[in-house]
Amino acid sequence: MKGNGGPIRWVVLGMISLASLPCGAEEKESRAKELIRQKLQELPEAERAKAYERMMKNAKAAQARQPRAVLPKELDSIPVRPVAGWTTLERKPIPVTRQPISPEQINKLYRDEVKTPAEGINDELFARRVFLDLIGHLPAPADIEEFARDRSPNKREKLVDRLLSLPQFGEHWGKYWSDVFKYRATNQNLFKVVHYNQEVWLADQLNGNKPWSAIATEIITATGIDDEAPAGFFVAFHDGDAAELAGEAARVFLGTQIACAQCHDHPYDPWKRDQFHEMAAFFGRTSFRVRKDLSDTKGRDFVLEVGPSLKPTQQYHKPDLKDPSKPGEVIQPVFLTGQPIPLQTADDQRREALAAFLTSPKNPMFSRAFVNRIWCELVGYGFVEPVDDLSPTRKPKLPNLFDSLSVSFAASGYDIKGFIRAVVLSDAYDRGIVAKPS
């Protein structure tokens, strides 16, 4: 050991810093681990082993102190179709205004929390920015000239409304969401993309301004042949793997890295290993397969099918870490709020129940995940970053604005275009870029 600044102290501090990183921050986490490894190598072999043993002991102790994460009990989910033997709690419906938050409301909340905002941008820069953000390409010179000649006080509102009505809006954001859904797929075969053409389906949903809750529900519950059930791309991308589907559903729709609890309790957040596998059990009877026994009007040699397992009584097993050759413990589907559903529940009912839970207006995580992600894409920073790791232990930037946007998005009926319109017409969007001091 080399005094207070020696390698052992550095390694311990490094492990503390590493523990504060989100699981989604792969690049930062990798750099931190490499630095710690280098410092460990600087120690004599005997001290190196002791330092490593001490770090592992402290990590396990911290993990053991973490309580089991439990979402608010009022987040109970009412299934789409009643399931025999499933007792549900009656709750008063949350009022839905069907009105998105206004730019003026965002402005007030923004100014309350940002005391020294950057200067506003001019009309030409606004036009370039909003073209890129809404439809994915720069405006033509004629578009800039037309916008500059317009002297009406609501010229920006008119431009935004026009861009939101163009088919390129859905095409641009369909590509974005397609990347989000397949980002962590372990088997990204091209033939799946060719068959499902998910970008076209997503573009249609977004151009029609289908509520985000409805899009999510269709993706989670899709069943059938690729042409008949284009939303089945999500299950197909992940090969119907229950564990992968659970982790990705939580990451995309809840902004939560519960997949980090797949093999052990989450190292930094209060999610337990049992909770991950209880969620994975909702996909425990889901399957994806290639079928060559069905006629195809397009002349293809095969079609892709998402649906229940060929074994309808199949159960989900939590892997046995001590003996991987064993099937492991049978796991019952349980919501993150702690309520189970019957073990005999069929695949379609399991996924319908999970979708109802994920998209419930009583579930603040669903709206917060969407709001945080889209705000980051439009404004340039997330309330929480990385955007897919809304850790319960992390404090967001501008918390009042974040809360208000999330509540209003749910109250609006998950109006995607209404939310995006309000953000791009707000003062938060109309800000120049300020370089940080070197």
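Quick look at the structure, then.

## Some thoughts on the overall build of the chain
Point 1. The helix and strand inventory of the chain stands at 18 helices and five strands.
Point 2. The proportion of buried residues among the 438 residues of the chain is 49%.
Point 3. Taking as baseline every contact in the chain between residues at least 6 positions apart, the subset at least 24 positions apart corresponds to 71%.

## Description of the nonpolar core
Point 1. Residues V130, W177, F181, W212, F253 and I420 are the most contacted members of the largest nonpolar core, which totals 100 residues.
Point 2. It is helix α16 (residues 364–379) that contributes the most residues to this core, nine residues altogether.
Point 3. Excluding its chain neighbours within four sequence positions, the residues that come into contact with F181 are L202, W212, I219, F233, F234, F237, H238, E248, V252 and F253.

## So, the pattern of salt bridges
Point 1. Here the structure, examined in full by the defined rule, presents 20 salt bridges.
Point 2. A salt bridge links D388 to R251, with the nearest nitrogen and oxygen atoms 3.1 Å apart. One end of the pair, D388, is in the loop between α16 and α17 (399–411); the other, R251, is in helix α13 (residues 242–253), and 137 residues separate them in sequence. The burial state of D388 is the same as that of R251; both residues are buried.

## Considering the pairing of strand β3 (residues 303–308)
Point 1. The buried count for β3 comes to five of six residues, which makes it a mostly enclosed element.
Point 2. Pairing of strand β1 (residues 224–225) with β3 involves two bridges; the strand directions are antiparallel. Of the residues in β3, the one forming a bridge with G224 is V306.
Point 3. Two strands pair when backbone bridges link them, and strand β2 (residues 286–291) and β3 are joined in this way by six bridges, in the antiparallel orientation. Its bridge partner lying in β3, R291 is registered against V303.

## A look at the packing of α16 against α17
Point 1. Following both chains from N to C, one finds α16 and α17 inclined at 115 degrees, their axes separated by 9 Å at the closest point. In terms of crossing hand, the pair formed by α16 and α17 is right-handed. Counted together, S367, R368, F370, V371, N372 and W375 of α16 and L401, F402, D403, L405, S406, F409 and A410 of α17 form the full contact between these two elements.
Point 2. In terms of residue class, the contact of α16 with α17 is made up of eight nonpolar, three polar and two charged.

## A look at the sheet that holds β3
Point 1. Strand order across the open sheet formed by three strands is β1-β3-β2, with antiparallel pairing between neighbours. What marks the edges here is a single partner per strand, and that holds for β1 and β2.

## Re the environment of L304
Point 1. Structurally, L304 can be placed in strand β3.
Point 2. When the C-alpha positions of L304 and A236 are compared, they lie 8.0 Å apart, and in sequence the two are 68 residues distant.

## Description of the packing of aromatic side chains
Point 1. Tallied over the full model, the rule gives 25 aromatic pairs.
Point 2. Ring geometry for W177 against F370: centres 6.1 Å apart, planes inclined by 10 degrees, an arrangement best described as stacked. In this pair, W177 sits in helix α8 (residues 167–182) while F370 sits in helix α16, placing the two residues 193 residues apart along the sequence.
Point 3. Its relative accessible area of 3% is what places W177 among the buried residues.
Point 4. The class for F370 is buried, based on a relative accessible area of 2%.
Point 5. The aromatic ring of Y429 is capped on one face by R129, whose charged end is 5.7 Å from the ring centroid.
Point 6. Its guanidinium or amino end placed over the ring of F147, K155 lies 4.4 Å from that ring's centre, counting from NZ or CZ.

Conventions we followed
- Residues numbered from 1 in each chain as written.
- Predicted model: local features only at pLDDT ≥ 70, side-chain atom pairs only at ≥ 80, totals over all residues.
- Heavy atoms only, no water.
- Helix = DSSP H or I, 4+ residues; strand = E, 2+ residues; numbered from the N terminus.
- Buried < 20%, exposed > 50% of the residue type's maximum accessible area, 1.4 Å probe, protein only.
- Contact = heavy atoms within 4.5 Å.
- Core = buried A, V, L, I, M, F, W, Y, C linked by side-chain atoms within 4.5 Å.
- Salt bridge = Lys/Arg side-chain N within 4 Å of Asp/Glu carboxyl O.
- Pairing = 2+ DSSP bridges.
- Axes fitted to C-alpha atoms, helices over the stretch in contact; angles between N-to-C directions.
- Left-handed = near helix turned anticlockwise from the far one by under 90°.
- Nonpolar A, V, L, I, M, F, W, Y, C, P; charged D, E, K, R; others polar.
- Phe/Tyr/Trp six-rings, centres within 6.5 Å; stacked < 30°, edge-to-face > 60°.
- Lys NZ or Arg CZ within 6 Å of the ring centre and 35° of its normal.

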